[in-house]
Amino acid sequence: MISNFLIIGVEIVVGFAGGLAVGAGFVAFLTLLGIIPRLIQLTRSEAYIKVYTACIIIGSIFGTFLSFTNVTWNHPELLLIIWGVLHGIFNGMLAAALTEVINVFPILSKRIGIDDKIVWLFMAIVFGKITGSLFQWTFFVR
Amino acid sequence: MKEIVYLRMKKNVEQQKYESLTLKDLAFISTTSLQKEELEKTPIYRVSKKDKNIVVIDSFLIIDHLNRLFPNIEIQLVGPPHTVVRINRTKKNASILLVSAVWLLLFIGAAMTIMNFHYDVSMQEVQQKLHYILTGKEEEFPLWIQIPYSLGLGLGMVLFFNHWFKKRINEEPSPLEVEIFNYQQNLDQYLTHYENRINDK
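Below is a summary of the structure that appears in this document.

**Things to note about the packing of aromatic side chains**
Considering all chains together, one arrives at five aromatic pairs over all chains under this definition. Arranged with centres 6.2 Å apart and planes meeting at 35°, the rings of A:Phe135 and A:Phe139 form a pair that is tilted. Of the two residues, A:Phe135 and A:Phe139 are both situated in helix 6 (residues 118-140); the distance of four residues between them amounts to about one turn of the helix. Through pairs of rings, three or more aromatic residues link up here, namely A:Phe135, A:Phe139, A:Phe140 and B:Tyr119. A cation over a ring is seen here: B:Lys10 above B:Phe28, with NZ or CZ 4.9 Å from the ring centre.

Following this line, the structure appears as structure tokens:
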């Protein structure tokens, strides 16, 4: 009985510590990539930083709930489309931010001297991502 | 009384061939002195083959040189302390073949990395579970999530970089432009440190 409680106690500590580390890491990652500042800049909504912070936290907790739950709601497929688009935009921003962080474009433009065509190269990456993703879901995994 | 000459170095100067650079090529000056034109025409530095393609001219050299030639003026430096002279003898335009090759490289690279990323994070499984949670139906290929997701992926990147081909979404500089600017700034900083002869001694 007592050892049972002990094990539960250890589990709580391990789970909580793991969550703490992952949560801190996740926020650090988002901050490093600068997606939130970018969105704030695009929408000119500096006043709502606290709301966005809360969004990230609530969203993470909601995602955690979804990963461990077994419930099911009978929603129409329209919800899936909205969900998919939002997921895509977020991931697209992540991918764009990563490309930026590793400095691919500045170096490319310097090396081959195509400062004025850099936007075309960027579109190559955009279409590459779209095509790769569509190809994977419609042919590759089937 | 000495006449004051305000000297502002140009940050970057592009030079097509090896020739002599006058003060006017390297800096802006402002003065009440009648010698202004004479000052502007003073040759400062002769670019030669051994300079290869970058020379850094320190303002100290100019001040030193002018003090010797015009003992009656006093020079005040405003703005950047040196000028970076770049010599590109052949201003080449990138060939369309090269650009196409890079385009293809980036295209395939981007497609492959996103596919590997999706496998790495088991996105298919997550989407299957999500499909079940939301609609209550099991579906091995939840295309209703996956296709909008794929299109959104591109939209997100465009939003982040503020560019749709040549059209800008708003006037703010995009992170890409800021990044290129920073990169150039860092290169200049490195150059002004290591190519500046005054630092070498």
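From this point, the discussion proceeds with the structure in view.
**Focus: the sheet that holds strand 4 (residues 27-31) of chain B**
Residue and element names in this part refer to chain B. Reading across the sheet, the three strands line up as 4-1-7 and stay open at both edges, with mixed pairing between neighbours. With one partner strand each, in any of the chains shown, strand 4 and strand 7 (73-78) form the two edges of the open sheet. Mean inter-strand twist for the sheet, computed between neighbouring axes without regard to direction, equals 25°. As judged from the five bridges shared by strand 1 (residues 3-9) and strand 4, these two strands associate in the antiparallel manner. If you follow Leu-7 over to strand 4, its bridge partner there is Ile-29. Helix 3 (residues 59-69) rests against strand 1 and strand 7 of the sheet, and its axis sits at about 170° to strand 7.

**Notes on the interface of chain B and chain A**
If you look at the interface, chain B gives 63 residues, while chain A gives 70 residues. Carbon and sulfur atoms supply 73% of the area buried between chain B and chain A, which totals about 6,600 Å² over both sides. Our count for the contact surface shared by chain B and chain A stands at one salt bridge. With a closest N to O distance of 4.0 Å, B:Lys137 and A:Glu77 form a salt bridge. Where chain B packs against chain A, one counts 18 residue pairs in polar contact (both at pLDDT 80 or more). Elements with a minimum of two residues in the side of chain B that touches chain A: helix 4 (96-120), helix 5 (123-135), helix 6 (143-161), strand 9 (163-164) and helix 7 (175-194) of chain B. Top contributing element to the side of chain B that touches chain A by residue count: helix 6 of chain B, with 19 residues. Looking at the side of chain B that touches chain A residue by residue, the class counts come to 41 nonpolar, 17 polar and five charged.

**Structural notes on the pattern of salt bridges**
Residue and element names in this part refer to chain B. For the structure shown, the criterion picks out four salt bridges over all chains. The partner of Asp-64 in a salt bridge is Arg-68, and the shortest N-O contact between them spans 2.9 Å. Pair noted here: Asp-64 and Arg-68 are both in helix 3, with a separation of four residues, about one helical turn. Here Arg-68 falls in the exposed class, since its relative accessible area comes to 60%. For Asp-188, the salt bridge is made with Arg-86, and the minimal N-O distance between the two is 3.0 Å. Here Arg-86 lies in strand 8 (residues 82-87) and Asp-188 lies in helix 7, a separation of 102 residues in the sequence.

**Considering the packing of helix 6 of chain A against helix 4 of chain B**
Between helix 6 of chain A and helix 4 of chain B, the least distance of the axes is 7 Å, while the angle of their chain directions is 40°. In terms of orientation, helix 6 of chain A lies oblique with respect to helix 4 of chain B. In this structure, helix 6 of chain A crosses over helix 4 of chain B, and the sense of that crossing is right-handed. Considered class by class, the residues forming the contact of helix 6 of chain A with helix 4 of chain B number 18 nonpolar, seven polar and one charged.

**Section: the sheet that holds strand 8 of chain B**
Within a sheet, adjacent strands bond to each other through the backbone by hydrogen bonds, running parallel or antiparallel. Residue and element names in this part refer to chain B. Spatially, 2-8-6 is the arrangement adopted by the three strands of the open sheet, whose pairing is mixed. A strand with exactly one partner marks an edge of an open sheet, and here the two such strands are strand 2 (12-15) and strand 6 (54-58). In this sheet, adjacent strand axes meet at a mean angle of 25° when their direction is disregarded. When strand 2 meets strand 8, the two strands line up parallel, connected through four bridges. Bridging across to strand 8, Val-13 finds its partner in Val-85. Across the face of the sheet, helix 3 comes into contact with strand 6 and strand 8 while running at roughly 55° to strand 6. Sheet strands in contact with helix 7 are strand 2, strand 6 and strand 8, and its direction is about 105° off that of strand 8.

Quick notes on the rules
Residues numbered from 1 in each chain as written. Chains lettered and ligands numbered in written order. Predicted model: local features only at pLDDT ≥ 70, side-chain atom pairs only at ≥ 80, totals over all residues. Heavy atoms only, no water. Phe/Tyr/Trp six-rings, centres within 6.5 Å; stacked < 30°, edge-to-face > 60°. Helix = DSSP H or I, 4+ residues; strand = E, 2+ residues; numbered from the N terminus. Lys NZ or Arg CZ within 6 Å of the ring centre and 35° of its normal. Pairing = 2+ DSSP bridges. Axes fitted to C-alpha atoms, helices over the stretch in contact; angles between N-to-C directions. Contact = heavy atoms within 4.5 Å. Buried area = accessible area lost by both parts, 1.4 Å probe. Salt bridge = Lys/Arg side-chain N within 4 Å of Asp/Glu carboxyl O. Polar contact = N/O pair within 3.5 Å; in protein donor to acceptor, adjacent residues only side chain to side chain. Nonpolar A, V, L, I, M, F, W, Y, C, P; charged D, E, K, R; others polar. Buried < 20%, exposed > 50% of the residue type's maximum accessible area, 1.4 Å probe, protein only. Parallel < 35°, antiparallel > 145°, perpendicular 65-115°, else oblique. Left-handed = near helix turned anticlockwise from the far one by under 90°.

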